[in-house]
Amino acid sequence: MRRFLTRRLLLAVPSLLGVTAVVYATVALVPGDPVSAFLGPGASPGARRELAARLGLGRPLPVRYAHWLGHAVRGDLGTSVSAQRPVTEVLWPALQQTLVVTAAAFALVVAGGVLLGAVGALRPRGPAGRLAGALSTLSVSAPQFSVALLLISVFAVRLRWLPAGGTHDAFGPGGTADLLRHLVLPAVAAALVPLGLTARVFRTALAGVLESDLADGLRARGTTRAVVLCHCAHNAAPALLTIGGLQLAYLLEGVVFVETLFDWPGLGRLLYDALAARDFPVVQGGVLVVAVAFIGINILVDAAHALIDPRVRSTS
Amino acid sequence: MPIRHRLFRSTALTSAALLMTAVAGCGSHAGTGRAGGGTSGHGGTLVIGATGKLPNPDTMMGGDGFEGKRLVAFQLYEGLTRYDLSKTDGPSRVTGALATSWTVAPDHRTWTFTLRKGVTFQDGTAFDTAAVIFNLDRYLNPKSPYYTTALGAAASEYAGDIAAYRAAGSGRVTLVTKAANGHFPEDLAHVLIASPTALRKSGTARFATHPVGTGPFAFVSQTTGQRIELAANKRYWRGAPKLDRLVIEAIPDAAARTAALRSGRVNWIEYPNPDDIDSLKSAGAQIVTNSYDHLWYWILDTAKGPWRDVRVRRAANYAIDRKAVAESLLHGTADPAYQAAPRATFAYDPKGDTYTHDPAKARQLLAEAGYPNGFSTSVTVPTGGSGNLLPVPITEALQRDLADVGIKVTIRTTDWSTLIGDEAKGTVALGSDAIAQSTTLFQSEALLPLFVGSGSPFWTGHYANKNVDRLLAAAAASPVLATRQDDYRRALAQVTADAPWLFVVNDRNPRALAPDVHGLVQPQSWFLDLTTVRVGK
């Protein structure tokens, strides 16, 4: 297991190098520059030149990248152009907010996905199974943006049960209960598509195992339905793990629109604003964090996979 | 074991989700029937939904557009002067803030300001001559420990004309400009003064996390770029603001802003989508508008193709139906612009209104110029951006009008940062023959030559007119308002006649307020005085 993890961690290094290099080059090629975005129209040309020099914009791209990388490995991601503060200081609170909304959405994905998938697999021809299937199909195919707006319009504007956005009520004292109320709609909006996908994958996997010789064998031995289900669920678990891991990574990336629409001050929103302001150090730092998280999740999923399935361990 | 473990885990997750929903349900009534509700204090809490990212709150660092200056910087800080935003019936004029009066020497360069006595910063320290010198050092003197390249570059926009500054005794400071500068007092409204004590404590690097000025509202907390909370400065020299708290939240999506107001999350939104105005009104919201020095226009490349001919440029101006854009498309949140000078500026003369909707005249001018069958051209349009209203739908309306007289326009869209980034380098994004954009032409007078002067470092469609340059220079050098007004009127009348732009509309700065927000005086300015606003019955 240790060898497995070491190998995966070592393989992550070139992946990260590749991602950061590609993003660095792409961001540098985007038209527009941080100086024009940061300074008003009346700033003097001399001041523009001086700031551009200070930001190192005149140096060749590979030199800038090497300089950035040299500092990044020591934990220094540079200074944000618009906030004029260390990038890490700007990223950290945003990352925390993203983790909160991602975790909530992921909890919904797993709970809802397992529930709908299991019902679909156990009662494939009954009304409950059909309903579960219809719900997961609807969930996958619903246009996320429109559904998010619909959720706001119904639950925040018409019924006023839940807040329309933000993390806390500006008129109230705040607190955890307030945060949780604000979390519901963004978490549901973000969870929708991954939930449907997870349900469909789990349903297929579980249905396959339930129809296999394993299930028949268990039933022939006279084991109870619950035990049969437990064993079958174990065998369907690798599929759930794979899709769950993928969906978690997808959620991390996909929260940009949720954060924008619900004014959730997370990483996606920060990256969106930073890109508009051509705040390259923040974009680069944010992408690095997302890439590390993405690769980290994949390693964790693979490790969990290896734990559940001895065949994966032995082949690795 | 692993199975039980996993089952336990999924049960726990399901319970957590159910619990979350239950908590949400329990607290749900707290949000009902409270659009703009006040808190314990008498003035209440105002929560504003802003259209874009909030600025860096360190004085002039800004960096995120004029809306940030309006809602954050001008609430936290003041300069030696300020805009008088208490009137609704005329363009806002400059008045004293941290200075009570000023005189200018006959060279029109040496200005002496008498500072206001008894003003304190929000941290309780006194404002004095040393504070002014400290701040100017911070903006202009690279040897100051509080100077940074970024701050110096940002401050150069309004403080860049200051050549020398010194204390002049008995509460006065003398500032010398590089050249004769008649609008210097207005420039100084943007040169913001921060507390030297607070700056010494935090240093420039951390000042944005603890900003302190003399403005009507004091800093409480922020989520960088997204949300900022301020509290009334009870010691404010013009009298404490009526509000207790002021919260600004960035809500860039227009639909989300409308939802935020209708759900009671905020009690004020900036720039509601014009299409939402009727529904907001019927939901009880107050819609407030007033003209300011805004112009939405196309800059035509006067050195390229048919646009080189002034008759063609005038033809295009006669071809478009601005009234339809202002009234039907923008639902009255803008006024048609029949000339270069925006209507809410002292350079506006109603007699200068020139370009009515006259397609027949447009066709005649095109025929005279040798284009009886029209021609094809292109325009680059931003998809959004501060003050740009609905850039693509407006351009599409203009495209239809121009097609009626034979001018076939290809629309190319790009993002706002790309457009202004290229413009600052003197080029056009996507290489079109024109760009669509908006600007506040007189915010401040110092910026006007950037838009119509021949020496502008920006892309101005290669427009150059020596008469305009001469009038702008004469206006800028005169400290006499009447002289400047006369020169600016003549300069902009010349621009109207030369038609280097397609003059389209002047925005009316719409905002929607919850029914219990009172006391807003909407001036003819981009900026706002929030000291008169209160929330409650």
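Residues numbered from 1 in each chain as written. Chains lettered and ligands numbered in written order. Predicted model: local features only at pLDDT ≥ 70, side-chain atom pairs only at ≥ 80, totals over all residues. Heavy atoms only, no water.

### Points about helix α7 (residues 254-262) of chain B
Okay, so step 1: Those residues of α7 of chain B that fall on the buried side of the exposure criterion are Ala256, Arg257, Thr258, Ala259, Ala260 and Leu261 of chain B.
Okay, so step 2: For α7 of chain B, the secondary structure elements touched by its buried residues are α7 (144-158) and α10 (225-261) of chain A together with β1 (45-50), β11 (268-270), α8 (277-282) and β19 (511-513) of chain B.
Okay, so step 3: The opening residue of α7 of chain B is aspartate 253 of chain B, an N-cap whose side-chain oxygen sits 3.2 Å from the backbone nitrogen of alanine 255 of chain B. (Buried < 20%, exposed > 50% of the residue type's maximum accessible area, 1.4 Å probe, protein only. Helix = DSSP H or I, 4+ residues; strand = E, 2+ residues; numbered from the N terminus. Contact = heavy atoms within 4.5 Å. Polar contact = N/O pair within 3.5 Å; in protein donor to acceptor, adjacent residues only side chain to side chain.)

### Examining the sheet that holds strand β4 (residues 99-104) of chain B
All names here are of chain B.
Okay, so step 1: The four strands lie next to each other as β4-β5-β7-β6, forming an open sheet whose pairing is antiparallel. Sheet topology places β4 and β6 (162-169) at the edges, where each strand pairs with a single neighbour. On average, each strand axis in the sheet is tilted by 20 degrees relative to the strand beside it, whichever way the strands run.
Okay, so step 2: Two strands pair when backbone bridges link them, and β6 and strand β7 (residues 172-177) are joined in this way by six bridges, in the antiparallel orientation. (Pairing = 2+ DSSP bridges. Axes fitted to C-alpha atoms, helices over the stretch in contact; angles between N-to-C directions.)

### Some thoughts on the UniProt feature "transmembrane region" (unreviewed entry) in chain A
All names here are of chain A.
Okay, so step 1: What UniProt calls "transmembrane region" (unreviewed entry) maps, in this numbering, to residues 99-122, 134-159, 179-197, 239-262 and 282-301.
Okay, so step 2: As a span, residues 239-262 carries 96% helix and 0% strand, and end to end its C-alpha atoms are 32 Å apart.
Okay, so step 3: What you have in residues 282-301 is 100% helix and 0% strand, and the ends, taken at the C-alpha atoms, are 28 Å apart. (UniProt positions renumbered as here; feature names shortened; annotations may be inferred.)

### As for the pairing of strand β5 (residues 110-115) of chain B
Consecutive side chains along a regular strand alternate between the two faces of the sheet.
Residue and element names in this part refer to chain B.
Okay, so step 1: Counted residue by residue, β5 has five buried out of six residues, so it is predominantly covered.
Okay, so step 2: Two elements, β4 and β5, share five bridges in a ladder whose sense is antiparallel. Note on β5: the bridge partner recorded for serine 101 is threonine 114.
Okay, so step 3: From the end of β4 to the start of β5, which pair antiparallel, there are five residues, and histidine 108 there has a positive phi angle of about 55 degrees.
Okay, so step 4: Sheet topology places β5 next to β7; five bridges connect them, and they run antiparallel. Opposite threonine 114, over in β7, you have arginine 172 as the bridge partner.

### Quick word on unusual backbone geometry
Residues and elements named next belong to chain B.
Okay, so step 1: Not every positive phi belongs to a glycine, and histidine 108 is a case in point at roughly 55 degrees.
Okay, so step 2: Tracing the sequence through the fold places histidine 108 in the loop between β4 and β5.
Okay, so step 3: In this structure, leucine 389 takes a positive phi of about 55 degrees despite not being glycine.
Okay, so step 4: Structurally, leucine 389 can be placed in the loop between β15 (375-382) and α12 (391-404).
Okay, so step 5: Judged by its relative accessible area of 13%, leucine 389 falls in the buried class.

### Regarding the UniProt feature "domain: Solute-binding protein family" (unreviewed entry) in chain B
Okay, so step 1: In the numbering adopted here, UniProt assigns the feature "domain: Solute-binding protein family" (unreviewed entry) to residues 94-433 of chain B.
Okay, so step 2: Taken as a whole, residues 94-433 of chain B contains 31% helix and 24% strand, while its terminal C-alpha atoms sit 38 Å from one another.

### Examining the side chain of arginine 138 of chain B
Okay, so step 1: Positionally, arginine 138 of chain B belongs in helix α3 (residues 129-140).
Okay, so step 2: In this structure arginine 138 of chain B touches Asp58, Thr59, Ser144, Tyr146, Tyr147, Leu151, Leu199, Thr204 and Phe207 of chain B, once residues within four positions along its chain are discounted.

### With respect to the interface of chain B and chain A
Okay, so step 1: Of the residues lining the interface, 68 residues belong to chain B; the matching set on chain A comes to 60 residues.
Okay, so step 2: Buried area between chain B and chain A, both sides added, is near 5,400 Å², and the carbon and sulfur share of it is 62%.
Okay, so step 3: A salt bridge links aspartate 263 of chain A to arginine 265 of chain B, with the nearest nitrogen and oxygen atoms 2.8 Å apart.
Okay, so step 4: Contributions of two or more residues to the side of chain B that touches chain A are made by α1 (2-27), β1, α4 (149-159), α6 (196-207), β10 (245-250), α7 and α13 (416-424) of chain B.
Okay, so step 5: With 10 residues, the top contributor of residues to the side of chain B that touches chain A is α1 of chain B.
Okay, so step 6: A breakdown of the residues in the side of chain B that touches chain A according to their chemical character gives 29 nonpolar, 24 polar and 15 charged. (Buried area = accessible area lost by both parts, 1.4 Å probe. Salt bridge = Lys/Arg side-chain N within 4 Å of Asp/Glu carboxyl O. Nonpolar A, V, L, I, M, F, W, Y, C, P; charged D, E, K, R; others polar.)

### Notes on the packing of aromatic side chains
Geometry of an aromatic ring pair is reported as the spacing of the ring centres plus the angle between the planes.
All names here are of chain B.
Okay, so step 1: For the structure shown, the criterion picks out 24 aromatic pairs over all chains.
Okay, so step 2: Ring centres of phenylalanine 442 and tyrosine 488 lie 5.4 Å apart, and the angle between their planes is 90 degrees; this geometry places the pair in the edge-to-face category. Here phenylalanine 442, found in the loop between β17 (434-440) and α14 (448-452), pairs with tyrosine 488, found in helix α16 (residues 481-498); they are 46 residues apart in sequence, far enough to count as distant. Like phenylalanine 442, the residue tyrosine 488 is buried in the burial classification.
Okay, so step 3: Cluster of aromatic residues (ring-pair linked, three or more members): Tyr297, Tyr318, Tyr355, Trp501 and Phe503.
Okay, so step 4: Sitting over the ring of tryptophan 526, arginine 70 keeps its end group 3.8 Å from the ring centre.
Okay, so step 5: Above the face of the tryptophan 237 ring, arginine 116 is positioned so that its terminal group lies 3.8 Å from the ring centre. (Phe/Tyr/Trp six-rings, centres within 6.5 Å; stacked < 30°, edge-to-face > 60°. Lys NZ or Arg CZ within 6 Å of the ring centre and 35° of its normal.)

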